[in-house]
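An overview of the molecular structure
Listed below, chain by chain, are the residues.
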Amino acid sequence: MPNREITLSMKKQFSEALKKRLACMSFDKITVTELAEDCGVNRQTFYYHFEDIFDLANWCFRNEAETILGFDEEPFDWKKSVRSLISYIDKNNDMCTSLLNSMGHRALKRTFSDSTERLIRKVIDVYAPADKKAVPDELREFNIMFYSMAVGGLLEKYILKELNISSEKLIYYIEGIITKNAEAAA
C-alpha cells in the first residue's frame, strides 16, 4: 500500500476512534494516548498525522462534510446535500454539540463555513453559472459569503438546540430561501 493510502487509512482510524469516544465522553476529556491505544499505535504515530486533537477533529468534520454533502456527485443535487447534512447532525448531535462546545464556536464555525461556502457556491453555479457574468464577481463573492454565514449560523443554532424547529421545517426554510434568492445572488 503506497504511503499516501497508509496515511489516509490511519487518519480514518483516528477519526473513527474520536467519534466512538465522543459518543460516551466530552471532547475535553479525550487524550491522544487514548486515541493511539484505540488504534493500536503509539502517540508519535498520532502526531505524525495531526498536530493535536483539535486538528484531528477539524479533519474528521471536514472529511465527513465532504462525504455527506456529495460535492463530487454528478449531477450535484444541493437539496439532497442539505437534507443529508441535517440528517447527519440529527444522528450525531451529541458529537456535534460536544465538538462545538469544546472546540469553541470559532474553530468549528470555520469548518462549517468552508463546507457551507462550497455548498452555496455550487448552488449559485447551478442557478447562474459564473461564465454568464450576470453580476460583478465582487457581488457574487459577497452573496456566497452572506449565504454561507447564514446557513452556518443556522446549523450552529440547530446543533445547540437554540433553534426550536423540526429538521423538516429547517430543511424547508433553507431550501426555500436559497431557491428564491440564489438566482439574484448569482
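First things first, this report covers the structure right here in the doc.

Conventions and cut-offs
One numbering rule holds for all chains: residues counted from 1, following each sequence as written. Residue-level local features of this predicted model are given only where pLDDT is at least 70; pairs of side-chain atoms are given and counted only at 80 or more, and the full residue set underlies all totals for whole chains, interfaces and linings. Side-chain metrics rest on all non-hydrogen atoms present in the structure, leaving aside hydrogens and water. Here is the rule: rings of Phe, Tyr and Trp (six-membered ring for Trp) pair when centre to centre is within 6.5 Å. Planes less than 30 degrees apart are stacked, more than 60 are edge-to-face, and the remainder are tilted. Only protein chains enter the area calculation, which uses a 1.4 Å probe; residues under 20% of their type maximum are buried, those over 50% are exposed, and those in between are partly exposed. Counted as over-ring charges are cases with an Arg CZ or a Lys NZ within 6 Å of the ring centre that also lie within 35 degrees of the ring normal. A carboxyl oxygen of Asp or Glu within 4 Å of a side-chain nitrogen of Lys or Arg is what we treat as a salt bridge. Think of it this way: any DSSP run of H or I at least four residues long counts as a helix, any run of E at least two long counts as a strand, and we number them from the N terminus. Within this scheme, the nonpolar core is defined by two criteria: the residues are buried Ala, Val, Leu, Ile, Met, Phe, Trp, Tyr or Cys, and they are joined through side-chain atoms within 4.5 Å. Only heavy atoms matter for contacts: two residues are in contact if any of them lie within 4.5 Å across the pair. Axes, fitted as lines to C-alpha atoms, cover a helix only where it is in contact. Angles between the N-to-C directions of the axes lie from 0 to 180 degrees. When an angle is under 35 degrees it counts as roughly parallel; over 145 it counts as roughly antiparallel; between 65 and 115 it counts as roughly perpendicular; any other value is oblique. Rotating anticlockwise by less than a right angle from the far helix to the near helix defines a left-handed crossing, while the corresponding clockwise rotation defines a right-handed one. In this count, Pro and Cys sit with the nonpolar residues alongside Ala, Val, Leu, Ile, Met, Phe, Trp and Tyr, while Asp, Glu, Lys and Arg are called charged and the others, Gly among them, polar.

In total, this model carries nine aromatic pairs according to the counting rule given. With centroids separated by 5.6 Å and ring planes inclined at 40°, the aromatic side chains of Phe-46 and Phe-50 adopt a geometry described as tilted. Phe-50 matches Phe-46 in its accessibility class, with the two residues each being buried. Between the aromatic rings of Phe-50 and Trp-59, the centroid separation amounts to 6.0 Å while the plane-to-plane angle is 65°, which identifies the pairing as edge-to-face. Exposure class is identical for Phe-50 and Trp-59. Each is buried. Between Lys-122 and the ring centre of Phe-76, over which it is positioned, the NZ or CZ distance is 4.9 Å.

Looking now at the pattern of salt bridges. Under the definition given, this model contains 10 salt bridges. Between Lys-19 and Glu-16 there is a salt bridge, with its nearest N and O atoms 2.8 Å apart. With Lys-19 and Glu-16 both in helix α1 (residues 3–22) and three residues apart, the pair spans about one turn of that helix. Glu-16 gets classed as partly exposed once you look at its relative accessible area, which sits at 38%. For Asp-38, the salt bridge goes to Arg-21, with nearest N and O atoms at 2.8 Å. With Asp-38 in helix α2 (residues 32–39) and Arg-21 in helix α1, this pair connects stretches of sequence that are 17 residues apart. The exposure class assigned to Asp-38 is partly exposed, which follows from its relative accessible area of 41%. In the salt-bridge network here, residues are joined through shared partners; they are Glu-16, Lys-19 and Glu-64.

Take the nonpolar core next. If you look at the biggest cluster of nonpolar residues, it comprises 48 residues, and the most contacted ones within it are Phe-14, Leu-18, Leu-35, Phe-46, Ile-86 and Leu-119. The dominant element in this core, judged by the number of residues it contributes, is helix α4 (residues 53–69), at eight residues. Every residue in contact with Leu-35, bar those within four places of it in the chain, is listed here: Phe-14, Ala-17, Leu-18, Arg-21, Ile-30, Phe-46, Ile-53 and Leu-56.

With respect to the helices and strands, the residue Ile-68 is situated in helix α4. Distance in space between the C-alpha atoms of Ile-68 and Ser-87 is 9.4 Å, their sequence separation being 19 residues. Residues within four places of Ile-68 in sequence aside, it is in contact with Ser-84, Leu-85 and Tyr-88.

Now for the packing of helix α5 (residues 78–91) against helix α8 (residues 137–159). Where α5 meets α8, the closest approach of the two axes is 11 Å, and the angle between their N-to-C directions is 25°. Judged on the interaxial angle alone, α8 and α5 are roughly parallel. Crossing hand, α5 versus α8: right-handed. Along the contact surface, α5 presents Leu-85, Ile-86, Ile-89 and Asp-90, while α8 presents Leu-155, Tyr-158 and Ile-159. Partitioned by chemical class, the residues of the contact of α5 with α8 number six nonpolar, no polar and one charged.

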